[in-house]
Amino acid sequence: MTDRQLLVTAALPYANGHIHIGHLVEYIQTDIWVRFQKLRGRKCVFVCADDTHGTAIMIRARQEGRPETELIADMQAAHERDFAGFDIAFDHYGSTNSVENYELCKEIWKSLRQANLIAERDVEQLFDPVAGTFLADRFVKGTCPLCKAPDQYGDNCSKCGATYSPTDLIDPISTLSGAKPITKSASHLFVELEKMHPFLEEWTQSGKHLQPEVANYLKGHFLGNPLRDWDVSRPNPYFGFAIPDSPNNYWYVWFDAPIGYIASTWQWCKRNNRSLADWWQSEATEIHHFIGKDITYFHTLFWPGVLKSAGYSLPEFVHIHGFLTVDGEKMAKSKGTQVLASTYIRHLDPAFLRYFYASKLGPKLDDIDLNVTEFINKVNSDLVGKVVNLASRSARFVESVGLAVEYPHDGGLFAAAAAAGERIASAYEQLDYARATRLIMELADQANAYVENTAPWTLKKDPTQQHRLQEVCTIVLNLFRQICIYLTPVLPRLAQQCGDLLNVKIHHWNDSQTPLVGTNVSKFEHLLQRIAPEKVQAMIDESKEATPATTSETPASTGFNDTGDALLAEPMAPTCTIDDFTKVDLRVARIIKAEEVPEAKKLVKLTVSLGGDNTRTLFAGIKAAYTLEQLQGRLVVIVANLQPRQMKFGLSEGMVTAAGPGGTEVFLLGIDSGAVPGQRIH
RNA sequence: GGCGAAGUAGCUCAGUUGGUUAGAGCAACGGCUUCAUAAGCCGUGGGUCGCUGGUUCAAGUCCAGUCUUCGCUACCA
């Protein structure tokens, strides 16, 4: 049993963006589990890698005018810096764009071929005649062929969860150019997942590898129907690996990304002179994947199917977590709640976030909430007020004499806390960190009560009680050390500091079972600073400023600093002629009445005047961004000749122009003073 | 409206297979203490466990219905 070794992975971050505190939920959760296993003495390897391929990377590199390899190298360096800043200790951090990954992709591909799971057939495929490229997955939108939900991406439906090929979409549109794609015939390669249906049914429903909610979800959404063939090739141009036996075709990023888990392990094996087969093709190794709920399908159906047929070990467990909300709401750049890891680290100690997440994380898929006030209270109260305070209020008394040579009678406190170790360990093991931290804080409460009852500060004043003082502090510091040991997976730096203070390092969970005696006690220094609310606010403010929104004052010396993100989010439309443009009649209009639509979440009803008696009623999705008062009376630019559209709450006779991604980030077009309603925009 | 999740003290949550007066932490209030990073200790207040009905000797815990909230989506033309 103890001979079994663990291989742990966290999801591969995509090389198209920076790590933020939402991502960190997963990496911290995983890192805690890995550190716990290592502290328990289990052989455990933690691997991860950057996910580097795909159209998004290709397009971005193209827009930045540099090779993809340069882009992904920069991003990988940034990711690794961020992780290091939060003490996420990977044994190896690789890249899916590696020779090892390519080798493995080829090998696994061969296995799939041999297992007769690859179907090759010419399919009608969508092609963007403007951009001159085939359109894949996220670059085509349209109506879901199953549930008819509009505006769905080409790989799966966010509404009904169905997966399909982009060509199955109804009324597709290229998000690259906005052009209507034409269909072209191209050779395509599919994994026939349905052939593995019985296996996947058994594996997912065995109750051993997935959280019960996840198993139910799969059963209800996928396993009740035949599994669709999985399109794993993308035609040139594409940034990825060329498929050796299929000229002009590349593997789709989701094919090589999970194989990156194996490739990264392989790189680790090479460095450490190990055999990859011991980790990925051996009963002796348990594989644990940690992922977010958004990528459940790939990791619980597609990936096990590939592993099974290619002769690799199946995951022992796929641990799935929820998302992060901040103050009960989805993270938003506009509110400064989408805090980048690099921004956080400039203002606050990573230990705070690690502890806070630990205190909130359970084994379920529930989203966890970061309430700013609770964050400050909890960290200050638990870590500073309770835990660190134990050392702070006892270490100084024994700086000169050290710990007693024999552990004194403590009324069973140490033994009770030692016994609690197994309950805490079990909570960690089951990913119930909230329970683990709660149990640990109980120990801290008991220890603080002990200090209160023995009153070392009184003993200090009595020359005859100096030995007793040493005994009391020996007990308190041992209780403190036990707590540090139990918190080591969450707070590795604190464990280190505890080792420095008492001059014996913490190596193993079982160090909590034996009291430390006779060692020197170093000069006490503060182990953690309390969180100052101003620092949290500063972090949030900085996160707001980090958004692409232009500021009115721009430093003359540095010039403008607008990022390309907005353009990237919404690529340029194809060239149009002046005739095309004049078809659109843009007019200045005044909002003469702005009304609430109570049942609508996004819409506001506007009555606008084009001057004189010419008024229009129109609906605009700006409810979250503007108050009725702000709208009342202001001039806007509207598309005046747009075909009226029947909406749920009435007929909309035009469209208000605005920029921004939506939600609270909508910015209406204004016009310089002098313009009057009815004037046309030329 | 659809899909998903959830509704337990001011806040964040625990409450095993239904079983004695429903718990914790934080916050609040009162007192004590001063070793400690205005930290600590003791104590108090506060919940008709969303609502209604049902099953049961017994329901926060099971069933039905209902309401509400959150996320995605439908409405951002």
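Look up a bit, the structure's there.
One structure accompanies this document, and this report is about it. (Residues numbered from 1 in each chain as written. Chains lettered and ligands numbered in written order. Predicted model: local features only at pLDDT ≥ 70, side-chain atom pairs only at ≥ 80, totals over all residues. Heavy atoms only, no water.)

1. Notes on the sheet that holds strand S2 (residues 44–50)
Here we have five strands laid out as an open sheet, ordered S3-S2-S1-S13-S14, and parallel in their pairing. Each edge of the sheet is formed by a strand with only one pairing partner; in this case those strands are strand S3 (92–95) and strand S14 (317–321). Ignoring which end each strand starts from, the neighbouring axes of this sheet average 25 degrees apart. The pairing of strand S13 (residues 285–292) with S14 spans five bridges and is parallel. Considered in S14, the bridge of Ile291 is made with Ile320. (Pairing = 2+ DSSP bridges. Helix = DSSP H or I, 4+ residues; strand = E, 2+ residues; numbered from the N terminus. Axes fitted to C-alpha atoms, helices over the stretch in contact; angles between N-to-C directions.)

2. Brief notes about the pattern of salt bridges
Applying the stated criterion across every chain yields a total of 27 salt bridges. For Lys106, the salt bridge is made with Glu103, and the minimal N-O distance between the two is 3.3 Å. Taken as a pair, Lys106 and Glu103 lie in helix H4 (residues 99–114) at a separation of three residues, close to a single helical turn. Residue class for Lys106 comes out partly exposed when judged on its relative accessible area of 28%. (Salt bridge = Lys/Arg side-chain N within 4 Å of Asp/Glu carboxyl O. Buried < 20%, exposed > 50% of the residue type's maximum accessible area, 1.4 Å probe, protein only.)

3. Focus on the nonpolar core
Residues Ile21, Trp280, Tyr357 and Phe375 are the most contacted members of the largest nonpolar core, which totals 166 residues. The contacts of Tyr357, once residues within four sequence positions are left out, are Ile21, Leu24, Val25, Ile28, Leu324, Ile368 and Leu370. Counting 18 residues, the second largest nonpolar core, distinct from the first, contains Ala589, Ile638, Val666 and Leu668. (Core = buried A, V, L, I, M, F, W, Y, C linked by side-chain atoms within 4.5 Å. Contact = heavy atoms within 4.5 Å.)

4. Considerations on the packing of helix H5 (residues 197–205) against helix H9 (residues 296–310)
When two helices pack together, their arrangement is given by the angle between the helix axes and the distance between those axes. In the contact formed by H5 and H9, the axes pass within 10 Å of each other and the chain directions differ by 115 degrees. The hand of the H5/H9 crossing is right-handed. Together, Phe199, Leu200, Trp203 and Thr204 of H5 and Thr300, Leu301, Pro304, Gly305 and Lys308 of H9 make up the contact between the two elements. Among the residues making up the contact of H5 with H9, the classes are represented as five nonpolar, three polar and one charged. (Left-handed = near helix turned anticlockwise from the far one by under 90°. Nonpolar A, V, L, I, M, F, W, Y, C, P; charged D, E, K, R; others polar.)

5. Brief notes about the sheet that holds strand S20 (residues 615–620)
Spatial strand order, S20-S19-S18-S21-S24: five strands in an open sheet with antiparallel pairing. Two strands in the sheet have a free side with no partner beyond their single neighbour: S20 and strand S24 (655–656). Bridge analysis of strand S18 (residues 586–596) against strand S19 (residues 604–609) gives six bridges, and the strand direction is antiparallel. Within the sheet, the bridge partner assigned to Lys593 lies in S19 and is Thr607.

6. Topic: the state of the cysteines
Evaluated as defined, the whole model comprises zero disulfides. Here Cys44 is not disulfide-linked; the sulfur of Cys48 is the nearest cysteine sulfur, at 14 Å. In this structure Cys105 is a free cysteine whose sulfur lies 16 Å from that of Cys48, the closest cysteine sulfur available. (Disulfide = S-S within 2.5 Å.)

7. Things to note about the pairing of S3
Burial of S3 is two-sided: the residues His92 and Gly94 facing one way and the residues Tyr93 and Ser95 facing the other way are all buried. Across four bridges, the pairing between S2 and S3 is parallel. By the bridge assignment for S3, Cys48 is matched with Tyr93.

8. Notes on the pairing of S20
Inspection of the sheet shows S19 paired to S20 by six bridges, in the antiparallel sense. Residue pairing for S20: Leu606 is matched across the bridge by Leu618. What sits between S19 and S20 in their antiparallel hairpin is a turn of five residues, with Gly611 showing a positive phi close to 100 degrees.

9. Some thoughts on the environment of Lys180
Looking at the element boundaries, Lys180 is found in the loop between strand S8 (170–174) and strand S9 (182–191). Relative accessible area serves as the criterion here: at 64%, Lys180 is assigned to the exposed category. Sequence-wise, Lys180 and Asp128 are 52 residues apart; in three dimensions their C-alpha atoms are separated by 7.2 Å. When residues no more than four places from it in sequence are discounted, the contact partners of Lys180 are Pro129 and Pro172.

10. Here's the deal with the environment of His197
Residue position: His197 is located in helix H5. In the structure, His197 is positioned 171 residues away from Ile368 in sequence and 33 Å away in space, judged by C-alpha atoms.

11. Overview of the side chain of Gln470
Within the secondary structure, Gln470 sits in helix H16 (residues 466–487). Engagement of the side chain of Gln470 in a polar contact is seen with the backbone oxygen of Gly402, the distance being 3.1 Å. Leaving out residues up to four positions away in the same chain, Gln470 has contacts with Val398, Val401, Gly402, Leu403 and Ala404. (Polar contact = N/O pair within 3.5 Å; in protein donor to acceptor, adjacent residues only side chain to side chain.)

12. A look at helix H11 (residues 350–360)
Among the eleven residues of H11, ten are classified as buried, and the element is accordingly described as predominantly covered. Those residues of H11 that sit buried are Pro350, Ala351, Phe352, Leu353, Arg354, Tyr355, Phe356, Tyr357, Ala358 and Ser359.

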